[in-house]
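Topology and contacts: notes
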Amino acid sequence: MLGKFLKPEFDELIQARNWSSLREAFTEMDPADVAEVIEELPAKDSAVLFRLLPRDMAAITFEYMPPHQQSELVSTLGNEELKNLINEMAPDDRTRLLEELPAEVTRRVLTTLAPAELKVARELLGYAERSAGRYMTPEFLTLPGNLTAAEALEYVRTHGQGRETLNILYIVDQKGRLMDDVRLSALVLAKPDTRISDIHDRQLVSIPATADREEIISVFEKYDRVALPVTDSQGVLLGIITHDDVLDVAEEEATEDIQRLGGMEALEAPYLDIRLTEMLRKRVGWLTVLFFGQMFTAAAMAHYQDAIAQAVFLSAFVPLIISSGGNSGSQATSLIIRALAVRDVSLADWWRVALREIISGIALGLFLGGLGMLRIVLWPGREALYGPHYGWVGVAVGCSVVGVVMFGTLCGSMLPFLLRRLGLDPAAASAPVVATLVDVTGVIIYFTVASAILTGRAF
């Protein structure tokens, strides 16, 4: 927010081409705020301003920029500038950049890396996409288990420069296998002659390199850590994942789920960066499925055309009926998808959820159905619109709303459980899918109830 607040002042300096003042101002700001200022500028100005930054600050600022702007800047940098920038970046941030860049640009970036950094980049890119191996950084500090607390602190002073974090230190054996971790605070407070292997202040928790994004987020939430070690199948320490990386992972996961809730495949790039043809491909699939689903609604309406012909006004309430069911179903599916995601409920709780939603559906249906019935019974000119049996019309509409809303809440709450049981993402039980299912059944419920109540009554 600070970057946007200061942007007018920087605009004046840019227009005056006062580069020395700009450079001085940037060096006094946090890199995150600098990135925010540069992000709001046209491409030609952002490239110039980025070159004003000191070498080490440029790398940190670059990590805070959105992927599309990172790609634009990479294309404007010379080989030497690109080499300096990429080699200064944290390995995990560099890996995410290489994932986002076009293949030809990625190859160019890889050629600029120092041999040691190139080896790290290839190792990280060798892990499966969205796995813990992709998000970890190898810049951590390990300690031999035979050190005393005093020796360990001296070791941190001499070897801790440039590490991702020193809040947590990792104890490994001679083969690099993770034995324990110790907080720096516990190390400082321990007696100087205490062996660090004897400092046990909490349970050791690690993440396998093959763990997916959801598992990463779940472990961090459960154990409330600022960093967690990543190990291979033999227990060898490969890297660490820090809390700032988990925030990025959680944002990506939430974005993907929200997009799926909208009835489409998840986008793999920011909205303005993804090609129009790719966006259409992501959206057309579910729209086609939903379109064919709505054909069943039309078929159901055609099946009851005789009833509609006898009481044309019945068709006027179709949108009211099916929208009530669709809305209640969308509410239920959103609640249950979130509850499953944060583990408020498990698969074994399906029957409890079903019971609650049946009760909720009946209660909500009675309330909405009562409003619909009052609307008909108290409407001016009701006899002219609905005939002499307008009271029974109100009863038919009210009872239909109760049935449709109850079905919508039950369907919306159970579909995520079904998909999770099948091993699929519950977010695929999107609101449009539930609404389409309720549309078809809503028409059937409405005209079945209306026919049963109104048959034999003259209109």
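One structure accompanies this document, and this report is about it. (Residues numbered from 1 in each chain as written. Predicted model: local features only at pLDDT ≥ 70, side-chain atom pairs only at ≥ 80, totals over all residues. Heavy atoms only, no water.)

1. Points about the overall build of the protein
Defined as follows: A run of DSSP states H or I qualifies as a helix once it reaches four residues; a run of E qualifies as a strand once it reaches two. Both are numbered from the N-terminal end. The classification of residues rests on relative accessible area computed with a 1.4 Å probe and restricted to protein chains. Under 20% of the type maximum is buried, over 50% is exposed, and intermediate values are partly exposed. By definition, residues are in contact when any of their heavy atoms lie within 4.5 Å. Residue-level accessible areas treat just the shown protein chains as cover; the underlying method is Shrake-Rupley with a 1.4 Å probe.
Counting secondary structure elements, the protein contains 22 helices and 6 strands. Counting across all 459 residues of the protein, residues that qualify as buried make up 44%. A fraction of 66% describes how many contacts in the protein between residues 6 or more apart in sequence connect residues 24 or more apart. As displayed, the protein has an accessible area near 24,200 Å², and 59% of this comes from carbon and sulfur atoms.

2. Things to note about the nonpolar core
Stated precisely, the cut-off is as follows: What we call a nonpolar core is a set of buried Ala, Val, Leu, Ile, Met, Phe, Trp, Tyr and Cys residues that are connected through their side-chain atoms within 4.5 Å.
Judged by nonpolar contacts, the single largest core of 33 residues is most densely connected at Phe50, Leu53, Phe62 and Val109. Other than its neighbours up to four places away in sequence, Leu53 contacts Arg23, Phe26, Val34, Ile38, Ala58 and Thr61. Ala396, Val404, Val433 and Leu454 belong to the second largest nonpolar core, which has 27 residues in total.

3. Here we look at the sheet that holds strand E1 (residues 142–144)
Defined as follows: The pairing criterion for strands is at least two bridges between them, as found by DSSP. All axes are obtained by fitting lines to C-alpha atoms, using only the stretch in contact for helices, and the reported angles, taken between N-to-C directions, cover 0 to 180 degrees.
One open sheet holds the 3 strands; their spatial order is E1-E2-E3, and the pairing between them is mixed. Unpaired on one side and paired on the other, E1 and strand E3 (178–183) mark the two borders of the sheet. Sheet twist, expressed as the average angle between the axes of neighbouring strands with direction ignored, equals 35°. Direction of pairing for E1 relative to strand E2 (residues 168–172): parallel, over a ladder of 3 bridges. Its bridge partner lying in E2, Pro144 is registered against Val172.

4. Brief notes about the environment of Arg134
Structurally, Arg134 is set in helix H11 (residues 132–135). In this structure the C-alpha to C-alpha distance between Arg134 and Asp92, which are 42 residues apart in sequence, comes to 7.0 Å. Setting aside its immediate chain neighbours within four residues, Arg134 contacts Thr95, Glu99, Leu124, Leu125, Tyr127, Ala128 and Glu129.

5. Quick notes on the packing of helix H5 (residues 55–64) against helix H7 (residues 79–88)
Heads up, the rule is: Here roughly perpendicular refers to angles of 65 to 115 degrees, roughly parallel to angles under 35, roughly antiparallel to angles over 145, and oblique to all remaining angles. The crossing is said to be left-handed when, going from far helix to near helix, the turn is anticlockwise and less than a right angle, and right-handed when the turn is clockwise. We call Asp, Glu, Lys and Arg charged. Ala, Val, Leu, Ile, Met, Phe, Trp, Tyr, Cys and Pro are nonpolar, and the rest, Gly among them, are polar.
The contact between H5 and H7 brings their axes to 8 Å, and the two run at 65°. As far as their axial angle goes, H7 and H5 are roughly perpendicular. Between H5 and H7 the crossing geometry is right-handed. Contacts between H5 and H7 involve Arg55, Ala58, Ala59 and Phe62 from the first element and Asn84, Leu85 and Glu88 from the second. Considered class by class, the residues forming the contact of H5 with H7 number 4 nonpolar, 1 polar and 2 charged.

6. A word on the sheet that holds strand E6 (residues 237–242)
An order of E4-E5-E6 is seen for the 3 strands of this open sheet, with the pairing classed as mixed. Looking at strand neighbours, the two that pair on one side only are strand E4 (207–208) and E6, the edges of this open sheet. Direction of pairing for E4 relative to strand E5 (residues 227–231): parallel, over a ladder of 2 bridges. Its bridge partner lying in E5, Ile207 is registered against Val230.

7. Some details on the packing of aromatic side chains
Cut-off, in case you're wondering: Pairing of aromatic side chains here covers Phe, Tyr and the six-membered ring of Trp, requires ring centres within 6.5 Å, and sorts the geometry by plane angle: under 30 degrees stacked, over 60 edge-to-face, intermediate tilted. Throughout this description, the term charge over a ring refers to an Arg CZ or Lys NZ atom that lies within 6 Å of the ring centre and within 35 degrees of the ring normal.
Counting across every chain of the model gives 2 aromatic pairs. With centroids separated by 6.4 Å and ring planes inclined at 90°, the aromatic side chains of Phe140 and Tyr170 adopt a geometry described as edge-to-face. In this pair, Phe140 is assigned in the loop between H11 and E1 and Tyr170 in strand E2, connecting sequence segments 30 residues apart. Comparing Phe140 with Tyr170 shows no difference in burial state: the two are buried. The ring of Trp379 has Arg375 sitting right over it, with the charged end atom 4.0 Å from the ring centre.

8. Some details on the pattern of salt bridges
Side chains that differ in sign of charge can pair as their charged atoms come close. Note the following rule: The salt bridge criterion pairs a side-chain nitrogen of Lys or Arg with a carboxyl oxygen of Asp or Glu, the two atoms within 4 Å.
Scanning the model with the defined rule gives 4 salt bridges in all. The salt bridge involving Arg177 is made with Asp173; its shortest N-O contact spans 2.9 Å. In this structure Asp173 comes out as partly exposed when scored by relative accessible area, which is 23%.

9. Examining a nonpolar patch on the surface
Here is the rule we go by: A patch is a set of surface residues, each over 30% in relative accessible area and not in a salt bridge, joined within 9 Å for like charges and within 5 Å for the nonpolar side chains Val, Leu, Ile, Met, Phe, Trp and Tyr.
On the surface, Phe291, Phe292 and Met295 cluster together into a nonpolar patch covering about 330 Å² of accessible area. You can see Met295 is positioned in helix H16 (residues 276–303).

10. Observations regarding the side chain of Glu357
Put simply, the rule reads: We treat Lys and Arg as the positive residues and Asp and Glu as the negative residues; His and chain ends play no part in the count.
Following the sequence through the fold, Glu357 ends up in helix H19 (residues 350–377). At 5.8 Å, Arg356 is the nearest oppositely charged side chain to Glu357, a buried residue that forms no salt bridge. With near-sequence residues (within four places) excluded, Glu357 lies in contact with Ala332, Thr409 and Ser413.

11. Notes on the environment of Leu237
Looking at where Leu237 falls in the secondary structure, it is placed in strand E6. Residue Leu237 is classed as buried on the basis of its relative accessible area of 9%. Separated by 60 residues in the primary sequence, Leu237 and Arg177 have C-alpha atoms spaced 5.7 Å apart. Not counting residues up to four positions away in its chain, the partners in contact with Leu237 are Phe140, Thr142, Tyr170, Val172, Gly176, Arg177, Leu178, Pro229, Val230 and Thr231.

12. Concerning the packing of helix H18 (residues 318–341) against helix H21 (residues 390–421)
Viewed as axis vectors pointing N to C, H18 and H21 meet at an angle of 30°, and their least axial separation amounts to 7 Å. Accordingly, the angle class assigned to the pair H18 and H21 is roughly parallel. Along this stretch, H18 crosses H21, giving a crossing that reads as right-handed. Contacts between H18 and H21 involve Leu320, Ile321, Ser324, Gly325, Ser328, Gly329, Ala332, Thr333, Ile336, Ile337 and Leu340 from the first element and Val397, Ser400, Val401, Val404, Val405, Gly408, Thr409, Gly412, Ser413, Pro416, Phe417 and Arg420 from the second. For the contact of H18 with H21, the class distribution of residues is 12 nonpolar, 10 polar and 1 charged.

13. Some points on unusual backbone geometry
Generally, phi is negative for residues other than glycine and the peptide bonds are trans, each holding for most cases. Unusually for a residue other than glycine, Arg130 sits at a positive phi of about 70°. Counting through the fold element by element, Arg130 comes out in the loop between helix H10 (115–125) and H11. A residue is classified by how much of its surface remains accessible, and Arg130, at 33% relative accessible area, is partly exposed. In the Ramachandran plot, Asp224 falls in the positive-phi region, its phi being about 55° despite a non-glycine side chain. Checked against the element boundaries, Asp224 lands in the loop between helix H14 (213–223) and E5. Look at Asp224 and you get exposed, because its relative accessible area is 66%.

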